[in-house]
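# Coordinate analysis (summary)
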Amino acid sequence: AMDRSPEEVLISLEEQFKELVQLEQIRLIVQNELPELQKIAFTFRYYGRDFTRLSVCSNGWLSFGATPVVYYRNWKVPTPGAADDMVAVFWDELQLTPGEGGVFTWYDAANHRFVVEWSRLRNAYTEPLVITPETFQAVIYDPAWRAGETGDGDILMQYHTVNQVDALNGYATV
């Protein structure tokens, strides 16, 4: 059996992005709210279906395959307003702030994983956007190296800072 210790640590892509000479190793997604289709370097099995691409949205979610969904309003999952094959890491109305943080992706070949990091995004439910920025990530493991009992791939969700600031409805979807 695989050791699943709680000793996983947040992989700071933003810090690596600042230090790397070859910036293409870590991709900064600059669009706000529009999901960006990313190719992953392995086939990921999610609920019995195989995927080689995923869509990443600045609103704190990803979905396997391509999606036209841009809906920021988070609901319970599943819901008609959500993308198919969605992973709600911290789905909320999040905003990119120019010059601060961003959404980063990185394929870590040495550790057989694809990392998506939402770094220092502001929650739109605060006026002005003064609450501590949200930082969290999803680590998607190559099922050939790390998989569950069904053969589906493992996804590790890690949280550095998240805030519940929705005073109207009091929720974000995780």
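Residues numbered from 1 in each chain as written. Predicted model: local features only at pLDDT ≥ 70, side-chain atom pairs only at ≥ 80, totals over all residues. Heavy atoms only, no water.

## So, the overall build of the protein
Across its full length, the protein carries one helix and 10 strands. For the protein, the α and β elements follow one another from N to C terminus as α-β-β-β-β-β-β-β-β-β-β. Counting the 174 residues in the protein, one finds 49% classified as buried. Entry remark: accessible area of the protein is about 9,200 Å², with carbon and sulfur atoms responsible for 54%. (Helix = DSSP H or I, 4+ residues; strand = E, 2+ residues; numbered from the N terminus. Buried < 20%, exposed > 50% of the residue type's maximum accessible area, 1.4 Å probe, protein only. Areas by Shrake-Rupley, 256 points an atom, 1.4 Å probe, with all protein chains shown as cover.)

## Some details on the sheet that holds strand E3 (residues 49-57)
A sheet is described by the order of its strands in space; here four strands give the open sequence E2-E3-E4-E5, paired in antiparallel fashion. With one partner strand each, in any of the chains shown, strand E2 (36-46) and strand E5 (86-88) form the two edges of the open sheet. Taking each pair of neighbouring strands and ignoring which way they run, the sheet shows an average axis angle of 25°. Looking at chain direction, E2 and E3 are connected through seven bridges and run antiparallel. (Pairing = 2+ DSSP bridges. Axes fitted to C-alpha atoms, helices over the stretch in contact; angles between N-to-C directions.)

## Topic: the pairing of strand E7 (residues 102-108)
Within E7, six of the seven residues are buried, which leaves the element mostly enclosed by the surrounding structure. Adjacent in sequence and paired antiparallel, E7 and strand E8 (residues 113-123) are bridged by four residues, among which His 112 carries a positive phi angle near 55°.

## Points about the confidence of the model for the protein
As a general rule, the predicted coordinates of low-pLDDT regions are not to be interpreted in detail. With 70% of its residues at a pLDDT of 70 or more, the protein has an overall mean of 78. Looking at the elements of the protein, mean pLDDT is at its lowest for strand E1 (residues 26-29), recorded as 56, and at its highest for E3, recorded as 93. Predicted confidence is poor over residues 1-7, with pLDDT under 50, and the contacts of this stretch with residues over four places away or in other chains come to six contacts. The low-confidence segment residues 20-26 (pLDDT under 50) makes 12 contacts with residues lying over four places distant or belonging to another chain. (pLDDT = per-residue confidence, 0-100. Contact = heavy atoms within 4.5 Å.)

## Description of the pattern of salt bridges
One pass over the full model with this rule turns up four salt bridges. As a salt-bridge pair, Arg 45 and Asp 50 come within 2.8 Å of each other at their nearest N and O atoms. With relative accessibility at 30%, the residue Arg 45 sits in the partly exposed group. On the basis of relative accessibility, which here comes to 46%, the residue Asp 50 falls in the partly exposed class. (Salt bridge = Lys/Arg side-chain N within 4 Å of Asp/Glu carboxyl O.)

## Comments concerning the layout of surface pockets
Taken as a whole, the largest pocket encloses approximately 230 Å³ of empty space. For the largest pocket, the lining is made up of 13 residues, of which Tyr 46, Tyr 47, Val 87, Ile 155 and Met 157 are closest to its centre. Taken together, the elements giving at least two residues each to the lining of the largest pocket come down to E2, E5 and strand E10 (155-161). Looking at the lining of the largest pocket element by element, the count peaks at three residues for E5. (1 Å grid on protein atoms, 1.4 Å probe; cavity = no way out; pocket = protein on both sides within 12 Å on 5 of 7 lines; lining within 4 Å. Points joined across faces, edges and corners; volume = space filled by probe spheres on them.)

## Observations regarding a nonpolar patch on the surface
A cluster of nonpolar side chains, Met 157, Tyr 159 and Val 162, forms an exposed patch at the surface whose accessible area comes to about 220 Å². Turning to its location among the elements, Tyr 159 is positioned in strand E10. On the basis of relative accessible area, Tyr 159 is assigned to the partly exposed category, the value being 33%. (Patch = residues over 30% accessible without salt bridge, like charges linked within 9 Å, V, L, I, M, F, W, Y side chains within 5 Å.)

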